[in-house]
Amino acid sequence: MAYRITEECLACGTCLESCPNEAIIEGDVYRIDPDKCENCGTCIEACPAGAIIEE
């Protein structure tokens, strides 16, 4: 299972702070580093915009 941050991302940093593996990459729209992501789902729960989805 892979996660992706969609264009609904507000770049608020909530997912960045919540990720225990530091897999979130900052930018205009944040991204998830698939090599660091362990699919724990913490970012999905933390995102206030609902911008992180399972693919």
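For the structure, see preceding data.
What counts and how
Residues numbered from 1 in each chain as written. Predicted model: local features only at pLDDT ≥ 70, side-chain atom pairs only at ≥ 80, totals over all residues. Heavy atoms only, no water. Disulfide = S-S within 2.5 Å. Buried < 20%, exposed > 50% of the residue type's maximum accessible area, 1.4 Å probe, protein only. Core = buried A, V, L, I, M, F, W, Y, C linked by side-chain atoms within 4.5 Å. Contact = heavy atoms within 4.5 Å. Helix = DSSP H or I, 4+ residues; strand = E, 2+ residues; numbered from the N terminus.

Draft legend 1. Molecular detail of the state of the cysteines. Here the structure, examined in full by the defined rule, presents 0 disulfides. Here Cys15 stays free of any disulfide, with the sulfur of Cys9 as its closest cysteine sulfur at 6.0 Å. Judged by relative accessible area, which is 8%, Cys15 ranks as buried.

Draft legend 2. Here's a closer look at the nonpolar core. If you look at the biggest cluster of nonpolar residues, it comprises 14 residues, and the most contacted ones within it are Ile5, Cys15, Ile24, Tyr30, Ile32, Cys43 and Ile52. Every residue in contact with Cys43, bar those within four places of it in the chain, is listed here: Cys15, Ser18, Ile24, Ile32 and Ile52.

Draft legend 3. Representation of the environment of Cys40 within the structure. Mapped onto the elements of the fold, Cys40 is located in the loop between β3 (31-32) and α2 (42-46). Owing to a relative accessible area of 45%, Cys40 belongs among the partly exposed residues under this scheme. With residues up to four places along the chain from it excluded, the contact list for Cys40 reads Tyr3 and Pro20.

Draft legend 4. Focus on the environment of Ala23. Looking at the secondary structure, you find Ala23 in the loop between α1 (14-18) and β2 (24-25). The class for Ala23 is buried, based on a relative accessible area of 2%. Expressed as a C-alpha distance, the spacing of Ala23 and Glu38, which sit 15 residues apart in the sequence, is 8.6 Å. Apart from the residues within four sequence positions on either side, Ala23 is in contact with Arg31, Ile32, Asp33, Lys36 and Cys37.

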